[in-house]
Amino acid sequence: MLPDGVSFAVKGHMGFKTIIEPFRVKSVEPIRLTTTVERKEYLRAADYNPFRLDSRKVIIDLLTDSGTGAMSTNQWAGVMLGDEAYAGSPSWNRMEEVVGSVTGMKFILPTHQGRAAERILYTQLGGTGKIFISNTHFDTTRANIEYTGARAIDAVIQESFDDDSAYPFKGNMDVNKLESLVSSHGPEMIGAVILTVTNNSGGGQPVSMQNAREVSAICRTHEIPLVLDCCRVAENAYFIKLREKGYESSTCREIALEMFGLADAAIMSAKKDAMVNMGGFLALRDQSLADACTQVLIITEGFTTYGGLSGRDMEAIATGLEEGFDEHYLHYRIASTRFLADRLHTLGVPVMRPAGGHAVYVDGGAFYAHIPPARFPAQALVCDLYITGGVRTVEIGSVMFGKYDGEGRPVPAKRELVRLALPRRTYTQSHLEYVAEVFAEVKHQKQSATGLRIVEEPRFLRHFTARFERL
Ligand code: F0G
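Predicted model, so just to flag it, every value in this text is computed and none were measured. (Residues numbered from 1 in each chain as written. Predicted model: local features only at pLDDT ≥ 70, side-chain atom pairs only at ≥ 80, totals over all residues. Heavy atoms only, no water.)

1. Digging into the domain arrangement of the protein chain
No. 1: Assigned domains within the protein chain: domain 1 (13-61 + 326-470) and domain 2 (73-323).
No. 2: Between the C-alpha centres of domain 1 and domain 2 there is a distance of 26 Å.
No. 3: Contacts between the two partners involve 30 residues from domain 1 and, on the opposite side, 38 residues from domain 2.
No. 4: Across the domain 1/domain 2 interface, buried area totals approximately 2,800 Å², and carbon plus sulfur atoms make up 56% of it.
No. 5: At the boundary of domain 1 with domain 2, the tally comes to seven salt bridges.
No. 6: Where Arg333 meets Glu235, a salt bridge forms, and the shortest distance between an N and an O atom there is 2.8 Å.
No. 7: The interface formed by domain 1 and domain 2 includes 19 residue pairs in polar contact (both at pLDDT 80 or more). (Domains from an automatic or database assignment. Contact = heavy atoms within 4.5 Å. Buried area = accessible area lost by both parts, 1.4 Å probe. Salt bridge = Lys/Arg side-chain N within 4 Å of Asp/Glu carboxyl O. Polar contact = N/O pair within 3.5 Å; in protein donor to acceptor, adjacent residues only side chain to side chain.)

2. Some points on the environment of Cys293
No. 1: Among the secondary structure elements, Cys293 is positioned in helix H10 (residues 287-300).
No. 2: Exposure remark for Cys293: the relative accessible area of 0% places this residue in the buried category.
No. 3: Each C-alpha atom of the pair Cys293 and Tyr361 lies 35 Å from the other, and the pair is 68 residues apart in sequence.
No. 4: Apart from residues lying up to four places away in sequence, Cys293 is in contact with Leu109, Ile120, Leu121, Gln124, Leu282 and Leu284. (Helix = DSSP H or I, 4+ residues; strand = E, 2+ residues; numbered from the N terminus. Buried < 20%, exposed > 50% of the residue type's maximum accessible area, 1.4 Å probe, protein only.)

3. Notes on the pattern of salt bridges
No. 1: Counting across every chain of the model gives 29 salt bridges.
No. 2: Notably, a salt bridge pairs Asp384 with Arg470, separated by 3.0 Å at the nearest N-O pair. Taken as a pair, Asp384 in helix H14 (residues 377-389) and Arg470 in strand S16 (residues 467-470) lie far apart in primary sequence, 86 residues in all.
No. 3: The class of Asp384 is buried, set by a relative accessible area of 12%.
No. 4: When salt bridges that share partners are traced, they join Asp65, Arg232, Glu235, Asp273, Arg333 and Arg424 into one network.

4. Quick word on the sheet that holds strand S14 (residues 417-421)
No. 1: Sheet architecture is open: three strands sit in the order S9-S14-S11, paired in antiparallel fashion. Looking at which strands have only one partner, the edges of the open sheet turn out to be strand S9 (359-363) and strand S11 (394-396). Mean inter-strand twist for the sheet, computed between neighbouring axes without regard to direction, equals 35 degrees.
No. 2: Here S9 runs beside S14; their pairing, made up of five bridges, is antiparallel. Its bridge partner lying in S14, Val360 is registered against Leu420.
No. 3: Sheet strands touched by H14: S9, S11 and S14. Its angle to S14, the strand with the most contacts, is close to 40 degrees. (Pairing = 2+ DSSP bridges. Axes fitted to C-alpha atoms, helices over the stretch in contact; angles between N-to-C directions.)

5. Some details on helix H3 (residues 90-103)
No. 1: The first and last C-alpha atoms of H3 sit 20 Å apart over 14 residues, in line with the 20 Å expected at 1.5 Å per residue.
No. 2: Within H3, the full set of buried residues consists of Ser91, Trp92, Met95, Val98, Val99, Gly100, Val102 and Thr103.
No. 3: Elements in contact with the buried residues of H3: helix H2 (73-81), strand S2 (107-111), helix H9 (252-260), strand S8 (280-284) and helix H11 (311-323).
No. 4: Sitting at the head of H3, Ser89 places a side-chain oxygen 3.0 Å from the backbone nitrogen of Ser91.
No. 5: Phi turns positive, to about 70 degrees, at Gly104, one or two residues after H3. (Expected span 1.5 Å × (residues − 1).)

In C-alpha cells, the structure reads:
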C-alpha cells in the first residue's frame, strides 16, 4: 500500500481541484438494476464464474477494459466512411499510416485482436526448447507461447509484489534476472523478450524508459528480439511524463515513439488504448520476419490490407489510436483509476497503490484472510461483489494462474488479486462511488464469506470457462 503522505497527486484543468470527464454524453445505454435475490440465482446458474454471466445481469461491468470502452463521435463517423474493399482499402491506408507513425515501425499487419498477433509472431519465434522472458506474461501471451512448446518465464522487479512500496515503476523488468536467464539458457534459446506496458498481470503498473533502455541494451548485445506488448502504451507514456525525470515536457506520443524505438516488434490489442471494440496489429522492423508473419496472416486472419478486420474497424482504430494519446483524456483516465483506489484504501480495503493505469487491484487473499488459496479467496470476493451490488470483476490469482504439480496437487499463484478494470470513457464518478459503497457492504459481511471448489476445468485458460461450487 502507498504509505499515507506519499503522493502522485494530479490536478484538474487550469488548477481546479475537480478533474472532469473531458467528454459529454451523446448516446446512452440503459443499465438494468437487479436485486440481490436475482443475482444470487444468476451467479449460481453461472457456476460462480462471472465470465458465464449474461452482461444484462451486470450493473457495473469491470470485468475488463478490453473492447468495452465508448467510441467517440469521430470514430462513429469513421465507421460510416469505412471502405470494405477486400484489397487496397483506403481505410487500411489510414490505419497503416497512423500505426506506422505511432510505432515508427515499417511493417504493419492488421489482426482481429491482440492474441492473433501473438499467435502469428510466437509461432515464428517459439517452439520446443525456446524460452520467452517478460516482466509478466499476460495469460493469452503465456498460452500462445506455451502452445508452441516454448516456456514463458516472468521476471518483474521485487517491488511489484510489495503493496507497501511507493516505487513509481513497479512494472519494470528485473534486469539482473534477465541477464542471468540469458546466460544460463544461452541467447540462441531465447525466443524473445517481451516488455508489457503497462504490466497488466502485475497490477497495470508502468515500465520506465530507463528500464526499457536497459532491457533493450541487453537484447541488442545478445541479438534477442525485443517485443513491446503495447496495448496500454499511452497510459504507460503518461505515467512516464508524470514520474520520470526528463519527460515532463514531452508529449505522450513522443515518449511512446522513443520506447518503440528500443524494440524490434510490437503487438497491440487495439481494444485498449486504441479505444475500439475490436482490433489489433503486429508491427515489425525486420523484412524477413515480416514476410514469414505475413504468410501466416493471410492463411489464418485475412489478406494483408484487412487482416481480421472490417474497413470500418480500421477507420475506428486509426482515429481511436490518436484519441488514446490525447493528454486531457489520459489525465482524466489516470485520475479516475486513482480515485477508485483511494476510495477503497480509505475504506480499509487492501488495494495496490499507487494505482495502475487501467485497473484497481485488490488483494483478495488479504481481504478474505480466513479463506486459504486452495479455496480461491479472490474468486470468492469476485462472487460477493457481484451478489452484493451487481459489480462484475475478475480474479487474477490461483484460478487464473494456479497449476498442478507432477502428482496433481494444486500449486497456488503468487498472489490472490481481484481486478477492477475500468472501461474507457464509459462510467462516471458516481458509478465508481457506487462500487466503493458495494465494497463497504462486502467488507461488513466478510467473516461469513466462504471459498469455492472447481468442479470442471479445461486445460488452457481455465478461468474463462471453469465451473465452481460454493463451499
Ligand atoms: N496483452 C495484454 C497485456 C493484454 O492485456 C491482452 C488482453 C492481450 C495481450 C490480448 O489481447 O484480448 O485483444 O486478444 N487483455 C484483456 C484483459 C483481455 O482483460 O486484460 P486481445
